[in-house]
Amino acid sequence: CCQERSWLAGQQPHLVEYVPQAVPFKTLVQWPPYFNHPFYSILPILAYPAFVFYDLLAGFNAPPAYVMSARETKKNFPQLEAPLYSAVYCEAMHNDARTGTAIALTAAMKGATIANYVEMTGFVHGGPDGATATGVTCVDKLTGEQFVVKAKAIVLATGPFLDSVRRMEDPGADKAVAAAAGCHIVLPGYFTPGGMGFCELRNSRGATMYFLPWLGNTVVGSTDKKCDATSSPHVTEDEIQYLVNEAASCLSSDIRLRRSDVISAWQGWRPLYRDPNAPPDAPVSRHHAIGHDEHTGVSFICGGKWSTYRAMAEELIDKVVAFKGAPLAHAKPCVSKEIKLLGGDGFHSLLHVQLVQAYNVSTEVAKHLCHAYGTAAFHVCELAQPSLSGARLQRTVSRAGVPTDGGGHMGRRISPSYPYIEAEVLYACRHELAVSVKDMLTTRMRLAFLNSEAAKQAIPRVAALMAE
(Lines give C-alpha, C1' and ligand atoms only; values in the text may rest on other atoms or scores of the structure.)
Protein backbone atom coordinates (compact mmCIF):
# COMPACT_ATOMS: atom_id res chain seq x y z
CA CYS A 1 0.00 0.00 0.00
CA CYS A 2 2.68 2.51 1.02
CA GLN A 3 4.87 1.76 -2.00
CA GLU A 4 1.95 2.02 -4.42
CA ARG A 5 0.93 5.29 -2.82
CA SER A 6 4.45 6.59 -3.44
CA TRP A 7 4.23 5.39 -7.05
CA LEU A 8 0.96 7.26 -7.55
CA ALA A 9 2.32 10.51 -6.17
CA GLY A 10 5.58 10.16 -8.10
CA GLN A 11 4.31 8.86 -11.43
CA GLN A 12 0.99 10.73 -11.55
CA PRO A 13 1.71 14.11 -9.88
CA HIS A 14 -0.93 15.86 -11.98
CA LEU A 15 -3.59 13.79 -10.19
CA VAL A 16 -2.10 13.03 -6.77
CA GLU A 17 -0.51 15.31 -4.19
CA TYR A 18 0.59 14.99 -0.59
CA VAL A 19 -1.50 16.73 2.06
CA PRO A 20 -0.35 17.09 5.69
CA GLN A 21 -2.71 15.68 8.30
CA ALA A 22 -2.38 16.41 12.00
CA VAL A 23 -3.44 14.13 14.81
CA PRO A 24 -3.82 16.35 17.90
CA PHE A 25 -3.60 14.90 21.41
CA LYS A 26 -4.74 16.44 24.68
CA THR A 27 -3.02 13.96 27.03
CA LEU A 28 -0.16 11.47 26.88
CA VAL A 29 -2.43 8.64 28.01
CA GLN A 30 -5.97 8.33 26.70
CA TRP A 31 -8.74 6.57 28.61
CA PRO A 32 -11.12 5.23 27.43
CA PRO A 33 -8.51 4.10 24.90
CA TYR A 34 -8.52 4.84 21.21
CA PHE A 35 -10.18 2.13 19.11
CA ASN A 36 -11.43 0.56 22.38
CA HIS A 37 -8.18 -1.36 22.86
CA PRO A 38 -5.97 -0.89 25.95
CA PHE A 39 -2.77 -0.81 23.88
CA TYR A 40 -3.86 2.36 22.11
CA SER A 41 -4.19 4.25 25.38
CA ILE A 42 -0.51 5.23 24.91
CA LEU A 43 -0.94 6.16 21.24
CA PRO A 44 -0.19 9.83 22.04
CA ILE A 45 3.33 8.68 22.97
CA LEU A 46 3.74 6.29 20.03
CA ALA A 47 2.11 8.35 17.26
CA TYR A 48 5.18 10.18 15.96
CA PRO A 49 7.46 7.07 15.88
CA ALA A 50 4.60 5.21 14.20
CA PHE A 51 4.32 7.86 11.50
CA VAL A 52 8.09 7.75 10.92
CA PHE A 53 7.79 3.98 10.45
CA TYR A 54 4.93 4.66 8.02
CA ASP A 55 7.30 6.91 6.05
CA LEU A 56 9.91 4.14 6.10
CA LEU A 57 7.47 1.68 4.52
CA ALA A 58 6.92 4.20 1.72
CA GLY A 59 10.67 4.52 1.15
CA PHE A 60 10.71 8.04 2.62
CA ASN A 61 9.25 9.34 -0.65
CA ALA A 62 6.56 11.42 1.07
CA PRO A 63 7.25 14.62 3.00
CA PRO A 64 8.46 13.47 6.44
CA ALA A 65 6.31 13.21 9.56
CA TYR A 66 6.91 15.83 12.22
CA VAL A 67 5.69 17.12 15.58
CA MET A 68 3.82 20.38 16.26
CA SER A 69 3.90 21.89 19.72
CA ALA A 70 0.79 23.07 21.48
CA ARG A 71 1.43 26.62 20.29
CA GLU A 72 1.99 25.54 16.67
CA THR A 73 -1.08 23.32 16.75
CA LYS A 74 -3.25 26.13 18.06
CA LYS A 75 -1.83 28.51 15.46
CA ASN A 76 -2.63 26.11 12.61
CA PHE A 77 -5.92 24.92 14.08
CA PRO A 78 -7.52 27.69 16.14
CA GLN A 79 -10.74 25.67 16.00
CA LEU A 80 -9.27 23.01 18.31
CA GLU A 81 -9.44 23.21 22.08
CA ALA A 82 -6.41 22.84 24.38
CA PRO A 83 -4.15 20.53 22.32
CA LEU A 84 -1.03 19.19 24.08
CA TYR A 85 0.78 18.53 20.80
CA SER A 86 0.14 17.09 17.34
CA ALA A 87 1.83 14.39 15.31
CA VAL A 88 1.70 15.21 11.60
CA TYR A 89 2.04 12.84 8.66
CA CYS A 90 1.50 13.35 4.95
CA GLU A 91 -1.04 11.34 3.03
CA ALA A 92 -1.68 11.19 -0.71
CA MET A 93 -4.90 12.80 -1.91
CA HIS A 94 -6.58 12.91 -5.30
CA ASN A 95 -9.76 13.80 -7.13
CA ASP A 96 -11.06 10.28 -7.74
CA ALA A 97 -13.35 11.37 -10.57
CA ARG A 98 -10.38 12.66 -12.56
CA THR A 99 -8.20 9.66 -11.70
CA GLY A 100 -10.89 7.21 -12.80
CA THR A 101 -11.47 9.10 -16.04
CA ALA A 102 -7.72 9.24 -16.74
CA ILE A 103 -7.38 5.48 -16.19
CA ALA A 104 -10.22 4.69 -18.61
CA LEU A 105 -9.00 7.06 -21.32
CA THR A 106 -5.39 5.88 -21.00
CA ALA A 107 -6.57 2.29 -21.40
CA ALA A 108 -8.44 3.32 -24.55
CA MET A 109 -5.29 4.98 -25.90
CA LYS A 110 -3.43 1.71 -25.33
CA GLY A 111 -5.98 -0.28 -27.32
CA ALA A 112 -8.73 -1.18 -24.86
CA THR A 113 -12.37 -0.89 -25.90
CA ILE A 114 -14.33 1.01 -23.26
CA ALA A 115 -18.09 1.49 -23.10
CA ASN A 116 -20.22 4.07 -21.33
CA TYR A 117 -23.80 3.47 -20.12
CA VAL A 118 -23.60 -0.22 -21.01
CA GLU A 119 -24.99 -2.75 -18.54
CA MET A 120 -24.15 -6.43 -18.39
CA THR A 121 -27.34 -8.49 -18.21
CA GLY A 122 -26.10 -12.08 -18.28
CA PHE A 123 -23.57 -14.65 -19.45
CA VAL A 124 -23.14 -16.54 -22.72
CA HIS A 125 -22.07 -20.16 -22.35
CA GLY A 126 -20.22 -22.59 -24.56
CA GLY A 127 -17.30 -24.99 -24.39
CA PRO A 128 -17.35 -28.81 -24.47
CA ASP A 129 -19.86 -29.13 -21.63
CA GLY A 130 -21.77 -25.94 -22.37
CA ALA A 131 -20.97 -24.52 -18.92
CA THR A 132 -17.98 -22.32 -19.72
CA ALA A 133 -18.73 -18.58 -19.84
CA THR A 134 -17.59 -17.40 -23.27
CA GLY A 135 -19.11 -13.92 -23.24
CA VAL A 136 -21.65 -11.59 -21.71
CA THR A 137 -24.93 -10.12 -22.89
CA CYS A 138 -25.19 -6.34 -22.68
CA VAL A 139 -27.69 -3.56 -23.20
CA ASP A 140 -26.98 0.02 -24.21
CA LYS A 141 -28.88 2.02 -21.57
CA LEU A 142 -29.18 5.02 -23.88
CA THR A 143 -30.56 3.32 -26.99
CA GLY A 144 -31.88 0.01 -25.66
CA GLU A 145 -29.73 -1.94 -28.13
CA GLN A 146 -28.77 -5.43 -26.93
CA PHE A 147 -25.59 -7.18 -27.99
CA VAL A 148 -23.07 -9.84 -27.01
CA VAL A 149 -19.39 -9.39 -26.12
CA LYS A 150 -17.31 -12.55 -26.60
CA ALA A 151 -14.10 -13.08 -24.60
CA LYS A 152 -11.44 -15.65 -23.75
CA ALA A 153 -11.57 -14.52 -20.13
CA ILE A 154 -14.29 -12.78 -18.10
CA VAL A 155 -13.45 -10.82 -14.94
CA LEU A 156 -16.02 -9.38 -12.57
CA ALA A 157 -14.54 -6.19 -11.12
CA THR A 158 -17.81 -4.67 -9.95
CA GLY A 159 -16.92 -3.45 -6.48
CA PRO A 160 -19.76 -3.59 -3.93
CA PHE A 161 -22.11 -4.96 -6.63
CA LEU A 162 -20.12 -8.18 -7.06
CA ASP A 163 -22.63 -10.45 -5.34
CA SER A 164 -25.58 -9.34 -7.50
CA VAL A 165 -23.55 -9.97 -10.67
CA ARG A 166 -22.33 -13.38 -9.47
CA ARG A 167 -25.94 -14.37 -8.75
CA MET A 168 -26.83 -13.87 -12.40
CA GLU A 169 -24.92 -17.11 -12.89
CA ASP A 170 -25.56 -18.79 -9.55
CA PRO A 171 -28.62 -17.52 -7.63
CA GLY A 172 -27.45 -19.39 -4.55
CA ALA A 173 -23.92 -18.00 -4.49
CA ASP A 174 -22.68 -17.10 -1.01
CA LYS A 175 -22.04 -13.43 -0.27
CA ALA A 176 -18.43 -12.38 -0.85
CA VAL A 177 -18.95 -8.68 -0.14
CA ALA A 178 -19.69 -7.09 3.20
CA ALA A 179 -20.50 -3.67 1.80
CA ALA A 180 -20.04 -0.81 4.26
CA ALA A 181 -21.72 2.52 3.51
CA GLY A 182 -19.83 5.66 4.45
CA CYS A 183 -21.42 9.12 4.50
CA HIS A 184 -19.49 12.37 4.23
CA ILE A 185 -20.46 16.00 4.57
CA VAL A 186 -18.74 18.96 2.95
CA LEU A 187 -18.07 22.18 4.86
CA PRO A 188 -16.47 25.49 3.84
CA GLY A 189 -12.71 25.53 3.53
CA TYR A 190 -12.14 27.58 6.67
CA PHE A 191 -12.65 24.45 8.78
CA THR A 192 -9.25 23.23 7.49
CA PRO A 193 -7.17 26.42 7.18
CA GLY A 194 -3.82 26.33 5.47
CA GLY A 195 -4.58 23.23 3.44
CA MET A 196 -3.87 20.90 6.38
CA GLY A 197 -6.26 18.23 7.58
CA PHE A 198 -6.70 16.82 11.06
CA CYS A 199 -8.51 13.98 12.75
CA GLU A 200 -10.02 13.31 16.13
CA LEU A 201 -9.25 9.68 16.94
CA ARG A 202 -12.03 9.38 19.50
CA ASN A 203 -15.09 11.57 19.38
CA SER A 204 -17.95 11.56 21.88
CA ARG A 205 -19.12 8.16 20.56
CA GLY A 206 -15.69 6.59 20.39
CA ALA A 207 -15.40 6.85 16.59
CA THR A 208 -12.73 8.56 14.45
CA MET A 209 -13.59 11.82 12.67
CA TYR A 210 -11.59 13.20 9.76
CA PHE A 211 -11.50 16.82 8.60
CA LEU A 212 -9.74 16.91 5.22
CA PRO A 213 -9.10 19.79 2.81
CA TRP A 214 -10.40 18.84 -0.62
CA LEU A 215 -10.67 21.02 -3.72
CA GLY A 216 -11.01 24.18 -1.64
CA ASN A 217 -13.60 22.84 0.81
CA THR A 218 -13.51 20.52 3.83
CA VAL A 219 -14.68 16.91 3.78
CA VAL A 220 -15.79 15.45 7.12
CA GLY A 221 -16.49 11.78 7.70
CA SER A 222 -17.40 9.22 8.00
CA THR A 223 -20.10 6.81 9.09
CA ASP A 224 -19.79 3.03 8.73
CA LYS A 225 -23.05 1.17 8.16
CA LYS A 226 -23.30 -2.40 6.86
CA CYS A 227 -25.84 -2.58 4.03
CA ASP A 228 -26.13 -3.65 0.40
CA ALA A 229 -24.95 -1.16 -2.19
CA THR A 230 -27.32 0.82 -4.41
CA SER A 231 -26.71 3.17 -7.34
CA SER A 232 -27.05 6.94 -6.76
CA PRO A 233 -27.61 6.63 -3.00
CA HIS A 234 -29.36 9.28 -0.94
CA VAL A 235 -27.93 10.59 2.33
CA THR A 236 -30.60 10.86 5.00
CA GLU A 237 -31.05 13.92 7.16
CA ASP A 238 -30.38 11.80 10.26
CA GLU A 239 -26.96 10.82 8.90
CA ILE A 240 -26.10 14.42 8.04
CA GLN A 241 -27.15 15.64 11.47
CA TYR A 242 -25.17 12.85 13.13
CA LEU A 243 -21.99 13.95 11.35
CA VAL A 244 -22.68 17.61 12.17
CA ASN A 245 -23.12 16.82 15.87
CA GLU A 246 -20.04 14.61 16.06
CA ALA A 247 -17.91 17.06 14.11
CA ALA A 248 -19.04 19.90 16.37
CA SER A 249 -17.97 17.90 19.44
CA CYS A 250 -14.40 17.83 18.06
CA LEU A 251 -14.14 21.62 17.79
CA SER A 252 -13.63 24.47 20.20
CA SER A 253 -16.67 26.27 21.53
CA ASP A 254 -15.28 29.39 19.83
CA ILE A 255 -16.41 28.05 16.45
CA ARG A 256 -19.95 26.90 15.94
CA LEU A 257 -20.73 24.18 13.41
CA ARG A 258 -24.32 24.41 12.17
CA ARG A 259 -26.44 22.30 9.89
CA SER A 260 -26.51 25.26 7.49
CA ASP A 261 -22.71 24.98 7.13
CA VAL A 262 -23.15 21.72 5.22
CA ILE A 263 -22.98 22.54 1.52
CA SER A 264 -23.04 18.98 0.19
CA ALA A 265 -23.23 15.37 1.36
CA TRP A 266 -22.76 12.00 -0.27
CA GLN A 267 -22.58 8.31 0.45
CA GLY A 268 -20.36 5.60 -1.00
CA TRP A 269 -19.60 1.94 -0.34
CA ARG A 270 -16.46 0.17 0.71
CA PRO A 271 -16.43 -3.22 -1.07
CA LEU A 272 -15.00 -5.13 1.90
CA TYR A 273 -14.22 -8.76 1.19
CA ARG A 274 -15.98 -11.39 3.26
CA ASP A 275 -14.82 -15.02 3.10
CA PRO A 276 -18.01 -17.02 2.30
CA ASN A 277 -16.62 -19.94 4.32
CA ALA A 278 -15.82 -17.88 7.42
CA PRO A 279 -18.07 -17.79 10.52
CA PRO A 280 -20.83 -15.12 10.41
CA ASP A 281 -19.12 -13.00 13.07
CA ALA A 282 -15.64 -13.18 11.48
CA PRO A 283 -14.03 -9.77 10.75
CA VAL A 284 -14.04 -8.58 7.15
CA SER A 285 -10.85 -7.78 5.29
CA ARG A 286 -9.80 -4.39 3.94
CA HIS A 287 -7.41 -6.15 1.56
CA HIS A 288 -8.43 -7.40 -1.85
CA ALA A 289 -9.21 -11.00 -2.82
CA ILE A 290 -9.11 -12.69 -6.23
CA GLY A 291 -11.06 -15.84 -7.07
CA HIS A 292 -11.96 -18.11 -9.99
CA ASP A 293 -15.00 -20.27 -10.70
CA GLU A 294 -13.61 -23.60 -11.88
CA HIS A 295 -16.96 -24.55 -13.40
CA THR A 296 -17.65 -21.46 -15.54
CA GLY A 297 -14.12 -20.04 -15.82
CA VAL A 298 -15.21 -16.62 -14.55
CA SER A 299 -12.75 -14.68 -12.35
CA PHE A 300 -13.53 -11.94 -9.85
CA ILE A 301 -11.81 -9.42 -7.64
CA CYS A 302 -13.18 -7.79 -4.51
CA GLY A 303 -11.98 -5.33 -1.89
CA GLY A 304 -8.88 -3.17 -1.95
CA LYS A 305 -8.48 0.60 -2.07
CA TRP A 306 -7.61 3.41 -4.47
CA SER A 307 -3.95 3.53 -3.46
CA THR A 308 -3.40 -0.07 -4.59
CA TYR A 309 -5.54 -0.07 -7.75
CA ARG A 310 -2.57 -0.59 -10.10
CA ALA A 311 -1.01 -3.41 -8.06
CA MET A 312 -4.43 -5.06 -7.77
CA ALA A 313 -4.88 -4.94 -11.54
CA GLU A 314 -1.41 -6.38 -12.16
CA GLU A 315 -1.96 -9.26 -9.73
CA LEU A 316 -5.42 -9.91 -11.16
CA ILE A 317 -4.26 -10.14 -14.77
CA ASP A 318 -1.30 -12.33 -13.82
CA LYS A 319 -3.61 -14.75 -12.03
CA VAL A 320 -6.18 -14.77 -14.84
CA VAL A 321 -3.44 -15.53 -17.39
CA ALA A 322 -2.18 -18.40 -15.21
CA PHE A 323 -5.73 -19.67 -14.64
CA LYS A 324 -6.66 -19.65 -18.33
CA GLY A 325 -3.39 -21.13 -19.57
CA ALA A 326 -3.01 -21.64 -23.34
CA PRO A 327 -5.69 -19.17 -24.56
CA LEU A 328 -3.77 -16.31 -22.91
CA ALA A 329 -0.23 -17.68 -23.34
CA HIS A 330 0.61 -14.73 -25.61
CA ALA A 331 0.23 -12.26 -22.73
CA LYS A 332 3.36 -10.24 -21.97
CA PRO A 333 4.62 -8.99 -18.56
CA CYS A 334 2.80 -6.04 -16.99
CA VAL A 335 4.16 -2.59 -17.90
CA SER A 336 1.60 -0.38 -16.12
CA LYS A 337 4.15 0.80 -13.56
CA GLU A 338 5.96 2.68 -16.32
CA ILE A 339 2.88 4.29 -17.82
CA LYS A 340 1.83 7.84 -17.06
CA LEU A 341 -1.90 8.37 -17.15
CA LEU A 342 -3.41 10.80 -19.65
CA GLY A 343 -2.05 14.29 -19.01
CA GLY A 344 1.02 13.08 -17.13
CA ASP A 345 3.60 13.29 -19.89
CA GLY A 346 5.30 16.67 -19.74
CA PHE A 347 3.63 17.72 -16.49
CA HIS A 348 5.62 19.87 -14.07
CA SER A 349 4.89 22.01 -11.04
CA LEU A 350 4.92 25.31 -12.99
CA LEU A 351 2.58 24.19 -15.75
CA HIS A 352 -0.14 26.51 -14.46
CA VAL A 353 2.14 29.49 -15.11
CA GLN A 354 2.43 28.48 -18.75
CA LEU A 355 -1.38 28.33 -18.97
CA VAL A 356 -1.71 31.81 -17.48
CA GLN A 357 0.88 33.21 -19.88
CA ALA A 358 -0.40 31.42 -22.97
CA TYR A 359 -4.16 31.75 -22.50
CA ASN A 360 -4.66 34.52 -19.92
CA VAL A 361 -6.71 32.29 -17.62
CA SER A 362 -6.74 33.23 -13.95
CA THR A 363 -4.18 31.59 -11.67
CA GLU A 364 -6.91 29.78 -9.73
CA VAL A 365 -8.42 28.33 -12.89
CA ALA A 366 -4.99 27.42 -14.26
CA LYS A 367 -4.05 25.47 -11.11
CA HIS A 368 -7.37 23.65 -11.18
CA LEU A 369 -7.01 22.70 -14.84
CA CYS A 370 -3.46 21.42 -14.34
CA HIS A 371 -4.44 19.11 -11.49
CA ALA A 372 -7.59 17.92 -13.25
CA TYR A 373 -6.21 17.38 -16.76
CA GLY A 374 -2.42 17.62 -16.56
CA THR A 375 -0.96 18.67 -19.90
CA ALA A 376 -4.38 18.09 -21.51
CA ALA A 377 -5.30 21.41 -19.85
CA PHE A 378 -3.88 23.10 -22.95
CA HIS A 379 -6.57 21.40 -25.04
CA VAL A 380 -9.24 22.60 -22.60
CA CYS A 381 -7.97 26.17 -22.81
CA GLU A 382 -8.15 26.08 -26.60
CA LEU A 383 -11.93 25.85 -26.17
CA ALA A 384 -12.18 28.68 -23.62
CA GLN A 385 -14.10 31.91 -24.14
CA PRO A 386 -13.53 35.30 -22.46
CA SER A 387 -14.86 35.46 -18.90
CA LEU A 388 -16.48 38.85 -19.50
CA SER A 389 -19.32 38.71 -22.00
CA GLY A 390 -18.28 40.53 -25.14
CA ALA A 391 -14.87 41.35 -23.64
CA ARG A 392 -11.93 41.76 -25.96
CA LEU A 393 -8.88 40.49 -24.13
CA GLN A 394 -6.36 42.65 -25.93
CA ARG A 395 -3.68 43.37 -23.39
CA THR A 396 -2.83 46.96 -22.56
CA VAL A 397 0.22 48.32 -20.74
CA SER A 398 0.08 50.19 -17.42
CA ARG A 399 2.08 53.32 -16.68
CA ALA A 400 4.69 51.09 -15.05
CA GLY A 401 4.99 49.13 -18.29
CA VAL A 402 3.21 46.03 -16.94
CA PRO A 403 0.85 44.20 -19.34
CA THR A 404 -2.72 44.13 -18.02
CA ASP A 405 -6.04 42.70 -19.16
CA GLY A 406 -8.42 45.08 -17.42
CA GLY A 407 -9.67 42.35 -15.07
CA GLY A 408 -10.93 39.99 -17.77
CA HIS A 409 -9.68 36.43 -18.17
CA MET A 410 -10.23 33.61 -20.58
CA GLY A 411 -12.55 30.93 -19.27
CA ARG A 412 -16.16 31.60 -18.30
CA ARG A 413 -16.90 30.01 -14.95
CA ILE A 414 -19.78 27.63 -14.43
CA SER A 415 -20.11 28.79 -10.82
CA PRO A 416 -18.60 32.05 -9.55
CA SER A 417 -17.18 30.45 -6.39
CA TYR A 418 -15.40 27.53 -8.09
CA PRO A 419 -12.71 27.34 -10.80
CA TYR A 420 -14.67 25.13 -13.22
CA ILE A 421 -15.05 26.72 -16.65
CA GLU A 422 -17.42 26.18 -19.56
CA ALA A 423 -14.63 24.87 -21.79
CA GLU A 424 -14.44 21.78 -19.57
CA VAL A 425 -17.99 20.87 -20.54
CA LEU A 426 -17.14 21.05 -24.24
CA TYR A 427 -13.95 19.05 -23.69
CA ALA A 428 -15.71 16.33 -21.69
CA CYS A 429 -18.40 15.92 -24.34
CA ARG A 430 -15.87 15.62 -27.14
CA HIS A 431 -13.11 13.63 -25.46
CA GLU A 432 -14.35 12.07 -22.18
CA LEU A 433 -17.63 10.35 -23.15
CA ALA A 434 -19.81 12.66 -21.05
CA VAL A 435 -23.43 12.38 -22.24
CA SER A 436 -25.55 13.83 -19.41
CA VAL A 437 -25.54 16.79 -17.07
CA LYS A 438 -25.14 14.35 -14.19
CA ASP A 439 -21.99 12.97 -15.84
CA MET A 440 -20.58 16.44 -16.09
CA LEU A 441 -21.32 17.71 -12.58
CA THR A 442 -20.47 14.49 -10.72
CA THR A 443 -17.98 12.27 -12.52
CA ARG A 444 -16.06 14.70 -14.75
CA MET A 445 -15.97 17.65 -12.39
CA ARG A 446 -16.89 17.37 -8.71
CA LEU A 447 -19.11 20.44 -8.36
CA ALA A 448 -22.14 18.43 -7.14
CA PHE A 449 -20.00 16.82 -4.44
CA LEU A 450 -18.49 20.14 -3.41
CA ASN A 451 -21.60 22.30 -3.35
CA SER A 452 -24.97 20.84 -4.24
CA GLU A 453 -26.72 24.22 -4.54
CA ALA A 454 -24.03 25.59 -6.87
CA ALA A 455 -24.39 22.46 -9.00
CA LYS A 456 -28.19 22.92 -9.22
CA GLN A 457 -27.74 26.52 -10.32
CA ALA A 458 -25.25 25.41 -12.99
CA ILE A 459 -27.56 22.81 -14.55
CA PRO A 460 -29.27 25.07 -17.14
CA ARG A 461 -26.00 26.45 -18.50
CA VAL A 462 -24.27 23.04 -18.52
CA ALA A 463 -27.25 21.52 -20.34
CA ALA A 464 -27.19 24.31 -22.94
CA LEU A 465 -23.45 23.80 -23.54
CA MET A 466 -23.87 20.04 -23.88
CA ALA A 467 -26.70 20.53 -26.37
CA GLU A 468 -24.48 22.59 -28.71
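Conventions used here
Residues numbered from 1 in each chain as written. Predicted model: local features only at pLDDT ≥ 70, side-chain atom pairs only at ≥ 80, totals over all residues. Heavy atoms only, no water. Helix = DSSP H or I, 4+ residues; strand = E, 2+ residues; numbered from the N terminus. Buried < 20%, exposed > 50% of the residue type's maximum accessible area, 1.4 Å probe, protein only. Contact = heavy atoms within 4.5 Å. Pairing = 2+ DSSP bridges. Axes fitted to C-alpha atoms, helices over the stretch in contact; angles between N-to-C directions. Patch = residues over 30% accessible without salt bridge, like charges linked within 9 Å, V, L, I, M, F, W, Y side chains within 5 Å. Areas by Shrake-Rupley, 256 points an atom, 1.4 Å probe, with all protein chains shown as cover. Salt bridge = Lys/Arg side-chain N within 4 Å of Asp/Glu carboxyl O. Lys, Arg positive; Asp, Glu negative; His and termini not counted. Charge placed at Lys NZ, Arg CZ, Asp CG, Glu CD. Bend = angle between axes of the 7 residues up to and from the residue.

Draft legend 1. Quick peek at the environment of Cys370. Of note, Cys370 is situated in helix α9 (residues 363-373). The class of Cys370 is buried, set by a relative accessible area of 3%. Put simply, Cys370 and Leu355 are 15 residues apart on the chain and 8.6 Å apart in space, counted from C-alpha to C-alpha. Setting aside its immediate chain neighbours within four residues, Cys370 contacts His14, Phe347, Leu351, His352, Leu355 and Ala377.

Draft legend 2. Structural detail: the sheet that holds strand β5 (residues 132-140). If you trace the three strands from one edge of the open sheet to the other, you get β4-β5-β6, paired in antiparallel fashion. Across the chains shown, the open sheet's two edge strands, defined by having one partner strand only, are β4 (118-126) and β6 (146-150). Strand-to-strand, the axes of this sheet are offset by a mean angle of 30°, without reference to chain direction. Pairing geometry for β5 and β6, over five bridges, is antiparallel.

Draft legend 3. Representation of the environment of Ala9. The topology assignment puts Ala9 in helix α1 (residues 2-11). Through-space distance from the C-alpha of Ala9 to that of Glu91 is 9.8 Å; in sequence the pair is 82 residues apart. Apart from the residues within four sequence positions on either side, Ala9 is in contact with Val16 and Tyr18.

Draft legend 4. Inspection of a negative patch on the surface at higher detail. A cluster of acidic residues, Asp170, Asp174, Asp293 and Glu294, forms a negative patch on the protein surface. Positionally, Asp174 belongs in the loop between α5 (162-169) and β8 (177-187).

Draft legend 5. Layout of the pattern of salt bridges. On inspection of all chains with the given rule, the structure shows 14 salt bridges. Salt-bridge contacts for Glu119 lead to Lys141; the nearest nitrogen and oxygen are separated by 3.2 Å. Placement of the pair is Glu119 in strand β4 and Lys141 in the loop between β5 and β6, with a sequence separation of 22 residues. Owing to a relative accessible area of 36%, Glu119 belongs among the partly exposed residues under this scheme. Note that Glu314 and Arg310 form a salt bridge whose closest N and O atoms lie 2.8 Å from each other. Taken together, the residues span about one helical turn, with Glu314 and Arg310 both in helix α7 (residues 309-324) at a distance of four residues. Residue Glu314 is classed as partly exposed on the basis of its relative accessible area of 26%. Salt bridges linked by common partners bring Asp163, Arg166, Lys175 and Asp228 together as one network.

Draft legend 6. Local environment of the sheet that holds strand β15 (residues 298-302). Strand order across the open sheet formed by three strands is β7-β15-β14, with mixed pairing between neighbours. Looking at which strands have only one partner, the edges of the open sheet turn out to be β7 (154-156) and β14 (289-292). For this sheet the average axis-to-axis angle between neighbouring strands, irrespective of direction, equals 20°.

Draft legend 7. Region of the structure containing the pairing of strand β11 (residues 217-221). Of all the five residues making up β11, five are buried; the element is thus mostly covered by neighbouring parts of the structure. Taking every second residue as pointing to the same face, both faces of β11 are buried, with Asn217, Val219 and Gly221 on one and Thr218 and Val220 on the other. In this structure, β8 lies alongside β11, joined through four bridges in antiparallel fashion. If you follow Leu187 over to β11, its bridge partner there is Thr218. As paired elements, strand β10 (residues 209-214) and β11 share five bridges and run antiparallel to each other. For Phe211, the partnering residue across the bridge sits in β11 and is Val220.

Draft legend 8. Expanded view of helix α2 (residues 43-57). Helix geometry: α2 is bent most strongly at Pro49, by close to 25°. Within the sequence span of α2, burial applies to Leu43, Pro44, Ala47, Phe51 and Asp55. Next to the buried residues of α2 lie β1 (16-25) and β3 (85-94). Phi turns positive one or two residues past the end of α2, at Gly59, with a value near 70°.

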